[in-house]
Amino acid sequence: MFNEANTVENYIIHLLTGQPPITEGPAAVKETRTGYGTLRVGWEYVYGPALPRTTGDVFIEEYLRPALIRLNPEIAAQPDRADEVIYNLRAILLSVQVEGLVRANELFVEWLRGDKSMPFGPNHEYVPVKLIDFDDLTRNDYILSNQVTYKAGQIEKRFDLVLFVNGLPLVVGEAKTPVRQAVTWFDGAHDIHHIYEETVPAFFVPNVFSFATEGKSYYYGAVRTPLEYWSVWRSRTNLSLSYGGLKDIEGPLRSMLRPAVILDILQNFTLWATDKRHRKIKLICRYQQYFTANQIVERVVEGHIKKGLIWHFQGSGKSLLMVFAAQKLRLHPALKNPTVLIVVDRIDLDTQITATFNAADVPNIAAADSRDALQSMLAQDVRKIIITTIHKFGEAEGVLNTRSNIILFADEAHRTQEGDLGDAMREALPNAFFFGLTGTPINKRDRNTFRNFGAVEDENAYMNRYSFEESIRDGATLPLHFEARLMDMRLDQAAIDEAFAGLTGHLSEEDQANLARKAAKMAVLVKAPERVEKVAADIVQHYREKIEPNGFKTMVVTFDREACVVYKEALDRLTGDPDLSEIVMTVNAGESEWKQYNRSKDDEEKLLDRFRDPADPFKILIVTSKLLTGFDAPICQAMYLDKPMKDHNLLQAICRVNRPYPGKSHGLIVDYLGIFDDVARALDFDEAAVQQVISNVDKLKEEFELAIAACLAFFPDVDRSVEGYEGLLAAQECLPDNDTRDAFAAEYSLLSRLWEAISPDPPFLGPHRTDYRWLTQVYESVKPPSGQGKLLWHVLGAKTLDLIHENIHVDAIRDDLETLILDADFLAELEAHQNPKQIKELEIKIIKRLQKHKDKPQFIQLGLRLENLKQALTQGQMTSLEYLKKLLEIAKAVVNAEKQVDPVEERKTAKAALTELFQETRAVDTPVMVERIVNDIDSIVRVVRFDGWQNTSAGEREVKKALRQTLLKYKLHTEHELFDKAYGYIREYY
């Protein structure tokens, strides 16, 4: 039989070491390695229990101590100094309980990189201490081991794979079975992130990254990286080829898990940043950033080709690419302390890029925010990372610096880095290297960009390209959908064409004057009060129905600044909530009519931070030009587009909604002008693929028809009108084993994503509503109670939940498990007749009881027992009678576990959650008697609720009524958001 150990785990060991794994028998527990001295940069395999360490050791001191002596002459002269270093390293391990894992990891990496020193020199002079030799990799010790056990106190965990360098565990890997569809890499990543890092964090203090695979996909992440931000890795030579099966992970494994790459990531591609909530986070590179930054460094070191054009699609991490490249260039010994210039063309982009560098704690950064500052820095030969705008070069005169180790990155290279400003920049730095970065493709007709940045030696004039298809495939960005919402008073197509013409630029004065007159006519049409009222009303309805229920926010893009204000007034009037929307736009000196929107940089950033905060009531951001490039707010899912745009401007704008965010499957563009009537015209590039950047929702509807048919095909002879046990059992009999259930889960996952994207659309979805609800309930009924297979057995979306909870009475299975397992007559009859239907009913009862406690470890373990038991029955490893007896054992264990759950603690948890909610939402005029409000709600809700109330319309009605009565007592009945949040908490905790 195939399992994770004898397939994926052993395959990785063989692939990386060329040695067969030894996992049992006497040979497995003896030291088999040759030790340092082979002078090869490759992994040597040692079985975990054979490592010279105890289960309480993070380091393998038998390898670490010789490495310290070997790499440090001062320690070699007095070997007991190695103990002082190891003492300091152990202190960081202990600090993880106080500092947290990310901070402890940052402190440890300072030692790993050789940035720490000890008084080991003459006269106690401080000298750097090397734990790893980054210059001569043959001087390090590389061990790959499997089944490595680590014990901290009473907690013991076993890691599938660990990669040690000089006895330090730098990489941890988790392998999962490749033969079950519902088990994926996500399960392994979940084990690392939610179990190992939380229960035994000390083992991860030296960690560079961890990886997870089920033999089909390979993903990696740094410590405490949320699972939705784990990344794929692809080999440089083979970015897209798929063989199917284990061959698919060979490229990533051979590429990323080479010692040279791991140590390069450790030294040059690892950053610590501070997020918006002032929390420390660790960042490591994606594969496209790693390869491109190294390509840049290689080109600069070789010195022959002095330029390069890099196209990485919007949202795929160009800012961090520049950080990694700048960091490695600055540290490269061959470049002799170079100057790196980051040149942008707009003030708001300058702020964004500066923020990225500053947040990442990159040393030696300077901002040249004036012509004099830039000239002074270059004239004084400042050796730092300098961030400036292209306009500062336009104000400069002549040559500023002739050094050849100046490397310049021009962000958004297709815009003002051309023409006079670009010429001035090149004249100022005649011997510098010039790298142009763009997030949008360059039209082949636009020869200037290729001439200025593209090298003739590069194929297609791009040094490196990371397309939108690749970024979506890798999860770096999300797909974009568009939906036409054209008003009755459709604008004249000719007027739109005229407005488009103005976006091409390079017009004569006469043409510009004519265009201004026509654009004024267009503005009158767009901003007609009747039309604005209709569009604003449609935005409110669409947002309330499609975007807000999932917790996302939105942008409204208007024709001009006056339109921003008109739309803001309309939205305030329609919603009665002025805090729902805000305008961000450019205001020039002396424009008194817009003065309330003239914010300082700090005030504007605080406002945008509010927009990024899911708990803040500010949900609709109104703009016209500002923030359409460079603005990053992953919580933003939709853009309501009421402004003519095309080419780069359009592509950059719509990519504001393509950033990944938990629970977000796509970005949505709602088109009020018919811009996407002709996608080829709107995105006018030579690359045909670019015109497929966005998908029409109408095409999703075609996919939906196929997806629901595929799901229903699993139940060919089932009468879906039959309710209760009979109907559910008939459906479940069509999904008899794990393979069939997993295949159904895969099809249903696609169907539910399409439902969430299209809903609400009553004319289209109405005829499918009953079937979709039925499929959803079947899906929930066969979902593994342990939560295994987290990628396929996903959490249902908000619109799907609304559907199955709204005006539906679900025939709940009586929860009489305890009575049943104590009923001797029932058990005797059950064992005598072994009625499959009764056994199935018992199984369903157990699953429902387990799902009520799905987040508690003891119930997760019972769920795993049940799944393993069901698998053994399906594979013919036990009789029905044996299965029944084991099933009854699990039933008893479930009842006993439930008795151990402390209802007092559960009550405290519920009340604490409500208290926190009221404290968060309490306004100035809200009563301060939080405790009294919470106690009232708690006592009333507990009287009216009953088990399973969330699944019945009557239960929901009674609980909502009780909540409204309590809020009315405290004059809080008009606080709709408070009611919604409180009801959400009650559903979860009560």
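Our subject is the structure listed above.
Criteria and cut-off values
Residues numbered from 1 in each chain as written. Predicted model: local features only at pLDDT ≥ 70, side-chain atom pairs only at ≥ 80, totals over all residues. Heavy atoms only, no water. Core = buried A, V, L, I, M, F, W, Y, C linked by side-chain atoms within 4.5 Å. Buried < 20%, exposed > 50% of the residue type's maximum accessible area, 1.4 Å probe, protein only. Helix = DSSP H or I, 4+ residues; strand = E, 2+ residues; numbered from the N terminus. Pairing = 2+ DSSP bridges. Axes fitted to C-alpha atoms, helices over the stretch in contact; angles between N-to-C directions. Salt bridge = Lys/Arg side-chain N within 4 Å of Asp/Glu carboxyl O. Contact = heavy atoms within 4.5 Å. Polar contact = N/O pair within 3.5 Å; in protein donor to acceptor, adjacent residues only side chain to side chain. Left-handed = near helix turned anticlockwise from the far one by under 90°. Nonpolar A, V, L, I, M, F, W, Y, C, P; charged D, E, K, R; others polar. Patch = residues over 30% accessible without salt bridge, like charges linked within 9 Å, V, L, I, M, F, W, Y side chains within 5 Å. Areas by Shrake-Rupley, 256 points an atom, 1.4 Å probe, with all protein chains shown as cover. Lys, Arg positive; Asp, Glu negative; His and termini not counted. Charge placed at Lys NZ, Arg CZ, Asp CG, Glu CD.

1. Quick notes on the nonpolar core
So, point 1. Judged by nonpolar contacts, the single largest core of 126 residues is most densely connected at Leu 131, Phe 209, Tyr 218, Trp 233, Leu 257, Ile 265 and Phe 409.
So, point 2. No other element matches helix H5 (residues 101-112), which puts eight residues into this core.
So, point 3. Judged by nonpolar contacts, the second largest core, of 64 residues, contains Met 585, Phe 704, Phe 744 and Leu 775.

2. Let's talk about the sheet that holds strand E22 (residues 620-623)
So, point 1. Pairing within the open sheet is parallel, and its seven strands lie in the order E21-E22-E20-E23-E24-E19-E25. Lying at the two open borders of the sheet, with one neighbouring strand each, are strand E21 (581-583) and strand E25 (694-696). The sheet shows a mean angle of 25° between the axes of neighbouring strands, direction not considered.
So, point 2. The pairing of strand E19 (residues 480-484) with strand E24 (residues 667-671) spans five bridges and is classified as parallel. Looking at E24, one finds that Glu 483 is bridged to Val 670.

3. Notes on the pattern of salt bridges
So, point 1. What the rule picks out here adds up to 38 salt bridges.
So, point 2. With a shortest N-O distance of 2.7 Å, Glu 591 and Arg 561 are connected by a salt bridge. Linking Glu 591 in the loop between E21 and helix H21 (601-612) with Arg 561 in helix H20 (residues 561-575), this pair joins segments that are 30 residues apart in sequence.
So, point 3. Taking relative accessible area as the criterion, Glu 591 reaches 18% and is therefore assigned buried.

4. Quick notes on helix H22 (residues 647-654)
So, point 1. Burial within H22 is extensive, with seven of its eight residues counted as buried.
So, point 2. If you check which residues of H22 are buried, you get Asp 647, His 648, Leu 650, Leu 651, Gln 652, Ala 653 and Ile 654.

5. Quick notes on the sheet that holds strand E6 (residues 168-175)
So, point 1. Sheet architecture is open: seven strands sit in the order E1-E4-E5-E6-E7-E8-E9, paired in mixed fashion. With partners counted over all chains shown, the strands left at the sheet margins are strand E1 (44-47) and strand E9 (231-232), one partner each.
So, point 2. The sheet contact formed by strand E5 (residues 155-165) and E6 spans five bridges and is antiparallel. Counterpart to Phe 164 in the pairing with E6 is Pro 169.

6. Quick word on the environment of Ser 210
So, point 1. Along the chain, the position of Ser 210 falls in strand E7 (residues 209-213).
So, point 2. Judged by its relative accessible area of 0%, Ser 210 falls in the buried class.
So, point 3. Counting along the chain gives 48 residues from Ser 210 to Val 162, while the straight-line C-alpha distance between them is 9.1 Å.
So, point 4. Residue contacts for Ser 210: discarding those within four places in its chain leaves Val 172, Ile 192, Phe 204, Tyr 219, Tyr 220, Gly 221 and Trp 230.
So, point 5. For Ser 210, the side chain forms a polar contact with the side chain of Asn 207, separated by 3.3 Å.

7. Thoughts on the packing of helix H24 (residues 697-712) against helix H26 (residues 738-758)
So, point 1. For the pair H24 and H26, the least separation of the axes is 9 Å and the interaxial angle reads 150°. Crossing of H24 against H26: the hand is left-handed. Here Val 697, Leu 700, Lys 701, Glu 703, Phe 704, Ala 707, Ile 708, Ala 710 and Cys 711 of H24 lie close against H26, whose contacting residues are Phe 744, Glu 747, Tyr 748, Leu 750, Leu 751, Leu 754, Trp 755, Ala 757 and Ile 758.
So, point 2. Residues belonging to the contact of H24 with H26 are distributed by class as follows: 15 nonpolar, no polar and three charged.

8. Concerning helix H8 (residues 259-268)
So, point 1. Taken across its ten residues, H8 has eight buried, putting it largely inside the fold.
So, point 2. Restricting attention to buried positions, one finds in H8 the residues Pro 259, Val 261, Ile 262, Leu 263, Asp 264, Ile 265, Leu 266 and Asn 268.

9. A few points about the pairing of E19
Two faces, one strand: in a regular strand the side chains alternate between the faces of the sheet.
So, point 1. In terms of residue burial, E19 counts as a mostly covered element, since four of its five residues are buried.
So, point 2. Bridge count for E19 against E25 is three bridges, and the pairing is parallel. Bridged to His 481 within E25 is Ser 695.

10. Regarding a negative patch on the surface
So, point 1. Residues Asp 698, Glu 702, Glu 703 and Glu 705 make up a contiguous surface patch of negative charge.
So, point 2. You can see Asp 698 is positioned in helix H24.
So, point 3. Residue classification places Asp 698 among the partly exposed positions, given a relative accessible area of 45%.

Keep in mind that these numbers describe shape and distance, not what the molecule does.
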